[in-house]
Amino acid sequence: MSRPIVATINQQALRHNLAVVRQAAPHSRVWSVVKANAYGHGIARSWQGLAETDGFALLNLEEAILLREQGWKKPILLLEGFFQSEELALLDRYRLTTSIHSNWQIQALAKAQLSAPLDIYVKINSGMNRLGFRPEQLHAVWKKLRSLENVDEMTLMAHFADAEKADGLIEPLQRIERAAEGLDTPRSLSNSAATLWHPEAHFDWVRPGIVLYGASPSGQWRDIASTGLKPVMTLASEIIGVQQLSAGDGVGYGYRYHASGEQRIGIVACGYADGYPRHAPTGTPISVDGVITRTLGAVSMDMLMVDLTPCPQAGIGSQVELWGEQVKIDDVAHAAGTVGYELMCALAPRVPVEII
């Protein structure tokens, strides 16, 4: 590895965060959500840190098969179900649980030649208006699915649009309760935010995602600061150059920053081609040799600039944390006008990854 940038994945932090989830929802089983290649952490290098979970939830058949081939024998849930009827043969072979959210999926399931029935999750539209059957359709859909020989255990599933808010579940839960009246069935409703902050929605299975990786579902680190959640991914690099500025000197493309006086800056081997947010403005938090400082000017493809005023001892080779234990990914994302989810998922393939 010649370029000094590296991402580290802490499997112990994954285990710890799963334990935090279990403390928050002690009476529920846990689907650990590892979609989007485990939120950019790499499913192959992350799943063992979550091996105490009750099941994994994801989107891609390829990732589900990877888990099976690496030895995972417990449940796997396809959150968006199957996309082609031909895929049901693979669901059967690898014994995958599928969500059902459309009538064509019901028809395909009815016609499929399976070796054994599949467990299914029936998705209801809680008002978010993405996937799911409308509440008034639920009883008819349930009756139809229950009559199929290819269907084994059925669970009611929904997703919440506003679980970060204290009152964000009142209306969706009422809608679900009215629709499901008379149905005696397990339920899986809670995402990360509902798992942390809405015990009334825990039911049989919770489905945490972002909190397993140590970031906040609200996008604000302060909202999870008291939970004990630990960052799993650290993105680190080094200073590879130093410049001494005079008053009026510009920095980077477009000269988006000008020095107001004598100032020493460092150039860091990290840019938007590594997954750092291009729109991160001057002032985005960053750590140099353990001291919090700020970025300066525009982020380049391969480099960014930092203010060395708070850390005059720093120079070429000084250690830089872009995000991790000291610099919270939520704080970097907030400065850039996005969320920690995006930064995790945007980690570039060219960045080497090490496992702790």
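Residues numbered from 1 in each chain as written. Predicted model: local features only at pLDDT ≥ 70, side-chain atom pairs only at ≥ 80, totals over all residues. Heavy atoms only, no water.

**Student:** Please explain the state of the cysteines as it appears in this structure.
**Tutor:** Note: disulfide means a covalent bond formed between the sulfur atoms of two cysteine side chains. Summed over all chains, the structure comprises zero disulfides. Among the cysteines around Cys270, which has no disulfide bond, Cys311 carries the closest sulfur, lying 16 Å off. (Disulfide = S-S within 2.5 Å.)

**Student:** It is not clear to me how the UniProt feature "active site" (unreviewed entry) in the chain should be interpreted in this structure. Could you clarify?
**Tutor:** Per the UniProt annotation, the sites labelled "active site" (unreviewed entry) are Lys35 and Tyr253. Annotated residues spanning 219 residues; largest pairwise C-alpha distance 35.4 Å, indicating distribution over more than one region. From the list above, the largest pocket is lined by Lys35. The exposure class of Lys35 is partly exposed, given its relative accessible area of 32%. Once residues lying within four places of it in the same chain are set aside, the contact partners of Tyr253 are Ala298 and Ser300. (UniProt positions renumbered as here; feature names shortened; annotations may be inferred. 1 Å grid on protein atoms, 1.4 Å probe; cavity = no way out; pocket = protein on both sides within 12 Å on 5 of 7 lines; lining within 4 Å. Buried < 20%, exposed > 50% of the residue type's maximum accessible area, 1.4 Å probe, protein only. Contact = heavy atoms within 4.5 Å.)

**Student:** Got a minute to help me understand empty space enclosed by the protein in this structure?
**Tutor:** Summary: where empty space remains is shown by rolling a probe the size of a single water molecule over the atoms. Applying the stated rule across the entire model yields two cavities of 30 Å³ or more. Roughly 80 Å³ of internal volume is contained in the largest cavity. The wall of the largest cavity is formed by 14 residues, among which Tyr213, Gly214, Pro231, Met233 and Ile329 lie closest to the centre. The residue inventory of the lining of the largest cavity, partitioned by class, reads nine nonpolar, three polar and two charged. What the second largest cavity holds in volume is close to 50 Å³. Around the second largest cavity, the lining residues are Lys123, Ile124, Asn125, Ser126, Met128, Arg130, Leu131 and His159. In terms of residue class, the lining of the second largest cavity is built from three nonpolar, three polar and two charged. (Points joined across faces, edges and corners; volume = space filled by probe spheres on them. Nonpolar A, V, L, I, M, F, W, Y, C, P; charged D, E, K, R; others polar.)

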